[in-house]
Amino acid sequence: MAELEKAVEIDPSYERAREQLILNYLGNGENDKALTAAKDYYKHYPDRPGPSVLLGAVYMQMSLVPDAKKAFSTAISLDPGNPSASSGLAAIALQQGDLNAASEYYRDSLNKNPGDMETLINLAAVQEAQGDLAGMQETLTQAKDSDPQALQPRLLLARHMIYQGQPENAIILLSPMRQQYSSSIPLLSLLAEAQFRFRDYREARATLSRLLAVDPDNAVAHYTMAQVLGELGDHKGMSEELAHTVRLNPQHWEARSLIAKQSIENGDLQEAEEQIRVLKNLRGERPDVLILEGRYQLKSGNPETALALFHRAHEASPNNFSLLLQSGALVELGRGDEAVALQRAWLKQYPDDATTWLDLGSLYLSLGDNENAREAYLRVNELLPDNAAT
């Protein structure tokens, strides 16, 4: 720092030394010195955009937004579309919640420097916030094409593809980067998610194994591995991964929920009871917790208690799954007619709910009423002509 200060003192026209000195002051948090140096730099070169940009950056770090905006605007007047000044003005617009202005500033910057990766990524983020997903995808594609070896635009594009229900496209986009970024946690995480959603479980397992070798304490990866192993029929491995997930993150809701479900199915009621207790402590009596507790009670031989819990869950969040569980508990209690009435009442409200018509057909069959079962299944066929289950 002292050498830079001396260099500027000896030769005030040494611009690179001035710029580096200001940046060093900013990096060290010496804002007052940075401001003095930036003002002096601007005083010597008022007709160049660089000093105004640096002055704006100092004002931004000092949270002097109006002064920063004035400095960046001065740079733009001297050099229309100046990338640094445009990005600074865009950052101010974002702080003020003006997405349209931010978008315009980033576009101005790109007109001057069309391949600037940071500006393209920032513009894509603004477009996403505006709900312009097509524009975001186009911008990220431009970023990817401007630097085919860059990872960030591919990750952002892949994330968008996964959430748009196109995991296969995300896999195509990410797979070529595996060798170059073989230890990248974001890449391996997103690729494994895409493979899992595409139901390519063996590839997902291989990717997750690599990820866990790099990041062994990644609770999310252990949970995803548990899901993958479950799909591959490795229930022992699934249980081990779920237990590992909870050890790493005791508040991992999904892992505890899955452990509870698995324990109920396997008849390990003590473990199920413990997991339900923890889940209730974590988030209270949510509908999904009430359903888990109801299934536990049903397995424990308490259908009346289970029915009450399923009813509470259904009241809090009406859906055909909690309706089916109530019907099952009623049948268990020997109250099949009430189960039929419950499903019929739902179908009056939602006459095109094929799932409930299918459940109703199964219920009639279990009660020995083949004629009404046939009627229900015919209705399913009307709603879902290709449904093989009927």
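Note that the structure is a prediction, hence the values are computed from the model and not measured.

> Would you explain the overall build of the chain in this entry?
When you go through the chain residue by residue, the secondary structure sums to 23 helices and 0 strands. A compact globule built from 390 residues should have a C-alpha radius of gyration of about 21 Å, whereas the chain, at 31 Å, is more than 25% larger. The principal-axis extents of the C-alpha atoms in the chain amount to approximately 100 × 45 × 40 Å. Split into buried and exposed, the 390 residues of the chain put 41% on the buried side. In the chain, the proportion of contacts linking residues at least 24 apart, taken out of those at least 6 apart, comes to 42%. A total of about 20300 Å² of accessible surface is found on the chain, and carbon and sulfur atoms cover 48% of it. Of the side chains in the chain, 36 bear a positive and 54 a negative charge, and the two mean positions are spaced by 2 Å.

> What's the story with the nonpolar core in this structure? I'm lost.
Core analysis: the largest hydrophobic core is formed by 23 residues, its most contacted members being I22, L55, V58, Y59 and F72. Breaking this core down by element, the ones donating at least two residues are α2 (15-27), α3 (31-44), α4 (49-61), α5 (65-78) and α6 (83-95). Residues contacting I22, with those up to four places away along its chain left out, are A34, A37, A38, Y41, L54 and V58. I291, L309, L330 and V340 belong to the second-largest nonpolar core, a separate cluster that totals 21 residues.

> What's the story with α6 in this structure? I'm lost.
An α-helix turns once every 3.6 residues. As a result, residues three or four positions apart point the same way. With 13 residues, α6 extends 18 Å between its outermost C-alpha atoms, agreeing within 8% with the 18 Å of an ideal straight helix rising 1.5 Å per residue. Of all the residues in α6, the buried ones are A85, S86, G88, L89, A90, I92 and A93. As for α6, its buried residues are in contact with α4, α5 and α7 (99-112). The backbone nitrogen of S84 has a side-chain oxygen 3.1 Å away, supplied by the residue at the start of α6, namely N82. Of the residues trailing α6, G97 is marked for its positive phi of about 75 degrees.

> Would you mind going over unusual backbone geometry with me for this structure?
When glycine is set aside, most residues are seen to have a negative phi, and most peptide bonds are trans. In the Ramachandran plot, S63 falls in the positive-phi region, its phi being about 60 degrees despite a non-glycine side chain. Among the secondary structure elements, S63 is positioned in the loop between α4 and α5. Overall, the relative accessible area of 58% leaves S63 in the exposed class. In this model, R199 sits at a positive phi of 65 degrees, which is unusual for a non-glycine residue. When you line up the elements, R199 lands in the loop between α12 (185-197) and α13 (201-214). For R199, a relative accessible area of 65% corresponds to the exposed category.

> Explain the pattern of salt bridges here, please?
Pairing of side chains with opposite charge becomes possible as their charged atoms draw close. Summed over all chains, the structure comprises 17 salt bridges. One salt-bridge network, held together by shared partners, links K280, E285, E293 and R312.

> It is not clear to me how the packing of helix α22 (residues 354-366) against helix α23 (residues 370-383) should be interpreted in this structure. Could you clarify?
How two helices pack is summed up by the angle between their axes together with the distance between the axes. In contact at an axis separation of 8 Å, α22 and α23 are set at 160 degrees when each is read in the N-to-C sense. In terms of orientation, α22 lies roughly antiparallel with respect to α23. Regarding α22 and α23, the two cross each other, and that crossing is left-handed. Each of A354, W357, L358, L360, G361, S362, Y364 and L365 in α22 lies in contact with α23, whose residues at this interface are N370, N372, A373, A376, Y377, R379, V380 and L383.

> Explain the side chain of D359 to me, please; I cannot follow it from the model alone.
Relative to the helices and strands, D359 resides in helix α22. Setting aside its immediate chain neighbours within four residues, D359 contacts L324 and Q343.

> Explain the packing of aromatic side chains to me, please; I cannot follow it from the model alone.
Think of a pair of aromatic rings as described by two things: how far the centres are apart, and how the planes are tilted against each other in angle. Scanning the entire structure with this criterion turns up 3 aromatic pairs. On the basis of an interplanar angle of 75 degrees and a centroid distance of 5.7 Å, the ring pair of Y41 and Y45 is categorised as edge-to-face. The exposure class assigned to Y41 is buried, which follows from its relative accessible area of 0%. Ring centres of F196 and Y201 lie 5.8 Å apart, and the angle between their planes is 55 degrees; this geometry places the pair in the tilted category. Each member of the pair F196 and Y201 is classed as buried.

> I would appreciate a short explanation of the environment of L330 in the present structure.
Relative to the assigned elements, L330 resides in helix α20 (residues 320-332). Judged by relative accessible area, which is 5%, L330 ranks as buried. Counting along the chain gives 24 residues from L330 to A306, while the straight-line C-alpha distance between them is 9.6 Å. Setting aside residues up to four positions removed in sequence, L330 forms contacts with L307, R335, G336, E338, A339 and L342.

> So what exactly am I meant to see when it comes to the side chain of N31 here?
With respect to the helices, strands and loops of the structure, N31 is situated in helix α3. Those residues within four positions of N31 in sequence are excluded, and the remaining contacts are L26, V58, Q61 and M62.

> Is there a simple way to explain the packing of α4 against α5 in this structure?
Viewed as axis vectors pointing N to C, α4 and α5 meet at an angle of 165 degrees, and their least axial separation amounts to 8 Å. Comparing the axis directions of α4 and α5 gives the class roughly antiparallel. Judged by the sense of rotation from one axis to the other, the crossing of α4 with α5 is left-handed. Residue-level contacts link P49, S52, V53, L55, G56, A57, Y59 and M60 of α4 to D67, A68, A71, F72, T74, A75 and L78 of α5. Residues of the contact of α4 with α5, tallied by class, amount to 11 nonpolar, 3 polar and 1 charged.

Each value, and the rule that gives it
- Residues numbered from 1 in each chain as written.
- Predicted model: local features only at pLDDT ≥ 70, side-chain atom pairs only at ≥ 80, totals over all residues.
- Heavy atoms only, no water.
- Helix = DSSP H or I, 4+ residues; strand = E, 2+ residues; numbered from the N terminus.
- Rg over C-alpha atoms; globule rule 2.2 N^0.38 Å.
- Buried < 20%, exposed > 50% of the residue type's maximum accessible area, 1.4 Å probe, protein only.
- Contact = heavy atoms within 4.5 Å.
- Areas by Shrake-Rupley, 256 points an atom, 1.4 Å probe, with all protein chains shown as cover.
- Lys, Arg positive; Asp, Glu negative; His and termini not counted.
- Charge placed at Lys NZ, Arg CZ, Asp CG, Glu CD.
- Core = buried A, V, L, I, M, F, W, Y, C linked by side-chain atoms within 4.5 Å.
- Expected span 1.5 Å × (residues − 1).
- Polar contact = N/O pair within 3.5 Å; in protein donor to acceptor, adjacent residues only side chain to side chain.
- Salt bridge = Lys/Arg side-chain N within 4 Å of Asp/Glu carboxyl O.
- Axes fitted to C-alpha atoms, helices over the stretch in contact; angles between N-to-C directions.
- Parallel < 35°, antiparallel > 145°, perpendicular 65-115°, else oblique.
- Left-handed = near helix turned anticlockwise from the far one by under 90°.
- Phe/Tyr/Trp six-rings, centres within 6.5 Å; stacked < 30°, edge-to-face > 60°.
- Nonpolar A, V, L, I, M, F, W, Y, C, P; charged D, E, K, R; others polar.

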